[in-house]
Amino acid sequence: MSACKSFCIYPWMHLQLKPNGQAKPCCRFNHMNPAYNNADGVPALAEYNVNKMTLTEISNSEFWKQLRQDMLDGKQIPECHKCDRDDEHGNFSMRFNANRQWNDGNQDAPLDKYNSLKFEYLELTTGRYCNLKCRMCSSDLSTSWDDDDKVLAGHYYDRKDFSNRPSMLSLDFNEEDFENTKLIKLTGGEPMLAPTFIPFIDKIIDSGYAKNINLEIYTNASWVPKAKILDRLDKFKNLNIFLSIDGLNEVNDYVRAPSKWEVVNESAETWIKYSKENLKYSIVFSPTISLYNILNFPSMLRWWKDLQTTYFGEDFVLHASDNEKAAIQYPGYIFNVGRLSPTMLQTPTYLSPCLLPNKVKVAKEIAAISKELVKNATTNSELKYASAFEYMIDHIISHLVKAPVDILQTFVSYSADLDKLRSQKLQDACPELWEQIKDQVEYKGKL
């Protein structure tokens, strides 16, 4: 069989849930693509929701069956345009990497073992329940955003009122649902603060399959982990804890209100200390980089370096930990070079870091830090990690320096409106940024 460029193994062994319970074949699958709207103009995937159907029923539905057949036939899948774009530009798409990790590298068709549609990888959410209202987020992903979105809805292209959506998902699984599972990725909201989190984790533990499962959890680090969480997580095979921290000191408190930097810093150090004592933990710094924090990002890198080197030594970027062995032994387990996994904000476009007027200085500073961290690489293994780390940093810089698609005034108007609602002030929290933009904008919102 010739290579099917649209083939991806995920629809055979993976599902992702949005906070409202809607299922998708993967997190990048564009479920809002008009090519798949029904006769009433409603996205076809809207009906596939765990509040109405089981995961097995969804995976065996006519939509999923047709999707799998279209992939085998080599048809273009409109909702997979992000991976199509990556492959066209010579990048390894998520689709390519999924086939490599889960399908023995076969880019043509699923292995025979997937004929029974076993869930080996589940990307789940506890729902919208969250204690923070991060400026890049919305009521679609956080209950704390509900009041502000009711005011802002209609004033900005992406602001809508999602407060009528359920705040939590029941995640009502049967124990046998975890029999074949190798990886569970948990997001929110803030998953570990949701009242449904511990009952869900206990159900996996009671099933007897936790020892076979790699667990990934994204947390906002606004709280310090206690024994009731740590003792349960110890029951899993391996763990990746992603710390969504988007700034230091005042920047953190502004961007991720109402979190406090002192608590966030203590939380990060607690996770790191615990991973030093228990090597099956991998703690990953996972900031979302926006215009709010791009000038703070060099300091964020230095903070992370200092925190890591305190417990793991100067070669933390190059160090091959036990978790790398887990990545080899358990397909799909993510090993992050330098324990860093940043995301460049794509939407809303008026918060993009590429709106920064004077980019050269911070781009050079980020590049210099990258070179400093990998300068001692000598062995083939170290050079491999150094190259991967530098590629990641280059990716950040390339997004920073590209031309913006929105205008700076929209960023300031949005910031001023949120400042008014939250009794904050952009000039006080991000003075370096304000100094760059103050002569180009008017600090005035739409409210």
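Here goes a summary of the coordinates provided. Since this is a predicted model, take the numbers as computed values, not measurements.

### A closer look at the packing of helix 10 (residues 261-277) against helix 11 (residues 297-312)
Reasoning step 1: As a packed pair, helix 10 and helix 11 sit with axes 10 Å apart at the nearest point and diverge in direction by 35 degrees. Of the two elements, helix 10 crosses helix 11, and the hand of that crossing is right-handed. Judged by residue contacts, Trp261, Asn265, Ala268, Glu269, Ile272, Lys273, Ser275 and Lys276 of helix 10 engage Trp303, Trp304, Leu307, Gln308, Tyr311 and Phe312 from helix 11.
Reasoning step 2: Classifying every residue of the contact of helix 10 with helix 11 by side-chain character gives 8 nonpolar, 3 polar and 3 charged.

### Some words on the nonpolar core
Reasoning step 1: Membership of the largest hydrophobic core comes to 128 residues, with the highest contact counts inside it found for Leu233, Trp271 and Phe411.
Reasoning step 2: Beyond its immediate stretch of four places on either side in the chain, Leu233 contacts Met192, Phe197, Leu215, Ile217, Leu239, Ile241, Trp271, Lys280 and Tyr281.

### Brief notes about the environment of Asn238
Reasoning step 1: Along the chain, Asn238 falls in strand 6 (residues 238-243).
Reasoning step 2: The spatial distance from the C-alpha of Asn238 to the C-alpha of Asn220 is 20 Å, given a sequence separation of 18 residues.
Reasoning step 3: At 3.4 Å, the side chain of Asn238 forms a polar contact with the side chain of Asn214.

### Points about the pairing of strand 6
Reasoning step 1: Taking burial as the measure, the 6 residues of strand 6 include 6 buried ones, the bulk of the element.
Reasoning step 2: Burial along strand 6 is two-sided: the face carrying Asn238, Asn240 and Phe242 and the face carrying Leu239, Ile241 and Leu243 are both buried.
Reasoning step 3: Both strand 5 (residues 214-219) and strand 6 contribute to a ladder of 6 bridges, which runs parallel. Bridge pairing in strand 6 links Ile217 to Ile241.

### Considering the sheet that holds strand 7 (residues 281-285)
Reasoning step 1: Taken together, 7 strands build an open sheet; the order of strands is 2-1-3-4-5-6-7 and the sheet is mixed. Edge positions in the sheet fall to strand 2 (23-24) and strand 7, since each of these pairs with one other strand and no more.
Reasoning step 2: Bridging between strand 1 (residues 14-17) and strand 3 (residues 121-125) involves 3 bridges; their strand directions are parallel. Of the residues in strand 3, the one forming a bridge with His14 is Tyr121.
Reasoning step 3: Contacts between helix 7 (residues 197-207) and the sheet are confined to strand 3, strand 4 (183-187) and strand 5, with strand 4 contributing the most and set at about 175 degrees to the helix.
Reasoning step 4: Strand contacts of helix 11: strand 6 and strand 7, with the helix running at about 160 degrees to strand 7, the strand carrying the most contacts.

### With respect to helix 3 (residues 62-72)
Reasoning step 1: Buried within helix 3 we find Phe63, Trp64, Leu67, Arg68, Asp70 and Met71. Across the axial projection of helix 3, the buried residues extend over an arc of 160 degrees, all falling on one side.
Reasoning step 2: Residues of helix 3 that are buried sit in contact with helix 1 (10-13), strand 1, strand 2 and helix 2 (55-59).
Reasoning step 3: Downstream of helix 3 by a residue or two, Gly74 has a phi angle that is positive, lying close to 75 degrees.

Procedures and definitions
Starting afresh in each chain, residues are numbered from 1 along the sequence in its written order. For this predicted model, a pLDDT threshold of at least 70 governs which residues receive local features, and a threshold of 80 or more governs which side-chain atom pairs are given and counted, while totals over whole chains, interfaces and linings are taken from all residues. Side-chain measures here rest on the full set of heavy atoms in the structure, leaving out hydrogens and waters. Axes, fitted as lines to C-alpha atoms, cover a helix only where it is in contact. Angles between the N-to-C directions of the axes lie from 0 to 180 degrees. Strands are runs of DSSP state E lasting at least two residues, helices are runs of H or I lasting at least four, and both sets are numbered from the N terminus onward. Here a crossing is taken to be left-handed if its near helix is turned anticlockwise relative to the far helix by less than a right angle, and right-handed if that turn runs clockwise. Contacts are residue-level and defined by heavy atoms, with any inter-residue pair within 4.5 Å sufficient. Polar here means any residue outside two lists: the nonpolar Ala, Val, Leu, Ile, Met, Phe, Trp, Tyr, Cys and Pro, and the charged Asp, Glu, Lys and Arg; Gly therefore counts as polar. Each nonpolar core is a collection of buried residues, namely Ala, Val, Leu, Ile, Met, Phe, Trp, Tyr and Cys, held together in the definition by side-chain atoms within 4.5 Å. Burial classes: relative accessible area under 20% of the type maximum marks a residue as buried, over 50% as exposed, and values in between as partly exposed (1.4 Å probe, protein chains only). Residues adjacent in sequence count toward polar contacts only when both atoms are side-chain atoms; beyond that, a polar contact is any pair of N or O atoms within 3.5 Å, and within protein one must be able to donate a hydrogen and the other to accept it. Strand pairing follows a simple DSSP-based rule, namely that at least 2 bridges must link the two strands. In this description, one arc is meant: the one made by directions from the helix axis to the C-beta atoms.

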